[in-house]
Amino acid sequence: MTTATGCVPADADSAFRAITNLARLPRWNNAVTSVVDAPAELVEGAEWVVELHALAQTWHSRSTVVHLDTEARRFAYRSCTDDGNPSLVDWSWTVRDHPAGAEVTVTWELHPVTFWRRALFSHLRKRQLARTEVPASLAALSRFLEADLRVHDAAPSDTGSSASRHSG
């Protein structure tokens, strides 16, 4: 199992909502080029399909929610290619309060089944995930949340009722 941790400039609940908002994955996960199919509700057993681009290739990845605990801010799912290959990856995201915002920890474990996935591709993919892809996604998540905070901070606040604004 491999782990990466980063700090993001948002409260833990906002960070967790961003991570579990499947429609917004392509905005902060650099490997996800699009969401092909998403469930109406994110619950245990729900499936979604994204298009990924990594190692100079593009493919569809199907994920299934294994565990979702919004109170503890833990989200775990299992992903595999959508081409019938039995190899898979187990992912887990945990978000905790941190003085600078939220601490996001992501863990993943590759389970290569076929010969070429075991002999070659899993080693390349594991290295790519640890060295570039996951750290880049954590950094992009941080930028995404920072931009989201700026948008909310810049939005005008509604301090009076509509009756008081329109009376006179």
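Going by the structure above, here's the rest.
Residues numbered from 1 in each chain as written. Predicted model: local features only at pLDDT ≥ 70, side-chain atom pairs only at ≥ 80, totals over all residues. Heavy atoms only, no water.

Trainee: Please explain a nonpolar patch on the surface as it appears in this structure.
Mentor: A grouping of L55, F121 and L124 is seen on the molecular surface, where their side chains present a nonpolar patch of about 230 Å² in accessible area. Here L55 lies in the loop between β3 (47-54) and β4 (57-69). L55 sits in the partly exposed class, given a relative accessible area of 37%. (Patch = residues over 30% accessible without salt bridge, like charges linked within 9 Å, V, L, I, M, F, W, Y side chains within 5 Å. Areas by Shrake-Rupley, 256 points an atom, 1.4 Å probe, with all protein chains shown as cover. Salt bridge = Lys/Arg side-chain N within 4 Å of Asp/Glu carboxyl O. Helix = DSSP H or I, 4+ residues; strand = E, 2+ residues; numbered from the N terminus. Buried < 20%, exposed > 50% of the residue type's maximum accessible area, 1.4 Å probe, protein only.)

Trainee: Is there a simple way to explain the pattern of salt bridges in this structure?
Mentor: Close approach of charged atoms allows side chains with opposite charge to pair. Scanning the entire structure with this criterion turns up six salt bridges. When the shortest N-O distance is used, the salt bridge between D13 and R73 registers 2.8 Å. Of this pair, D13 sits in helix α1 (residues 12-20) while R73 sits in the loop between β4 and β5 (74-81), placing them 60 residues apart in sequence. Taking the relative accessible area as the measure of exposure, R73 reaches 14% and is therefore buried. The partner of D90 in a salt bridge is R78, with the nearest N and O atoms 2.7 Å apart. With D90 in strand β6 (residues 88-98) and R78 in strand β5, this pair connects stretches of sequence that are 12 residues apart.

Trainee: I keep staring at the sheet that holds strand β1 (residues 2-8) and nothing clicks. Help me out?
Mentor: Each strand in a sheet pairs with another by means of backbone hydrogen bonds, the pair being arranged parallel or else antiparallel. On the basis of which strands lie adjacent, the open sheet formed by seven strands has the order β1-β7-β6-β5-β4-β3-β2 and antiparallel pairing. Looking at the sheet topology across the chains shown, the edges are occupied by β1 and β2 (32-37). Strand-to-strand twist in this sheet, taken as the mean axis angle between neighbours without regard to direction, amounts to 25°. Each of β1, β4, β5, β6 and β7 (101-111) is contacted by α1, which is oriented at about 160° to β6, the strand it contacts most. (Pairing = 2+ DSSP bridges. Axes fitted to C-alpha atoms, helices over the stretch in contact; angles between N-to-C directions. Contact = heavy atoms within 4.5 Å.)

Trainee: Where do I start with α1 in this structure?
Mentor: Each α-helix winds once per 3.6 residues, and so residues spaced three or four apart point in a common direction. All of the buried residues in α1 are A12, A15, F16, A18, I19 and T20. The distance from a side-chain oxygen at the start of α1 to the backbone nitrogen of D13 is 3.1 Å, and the residue carrying that oxygen is D11. (Polar contact = N/O pair within 3.5 Å; in protein donor to acceptor, adjacent residues only side chain to side chain.)

Honestly, it's all geometry; don't read function into it.
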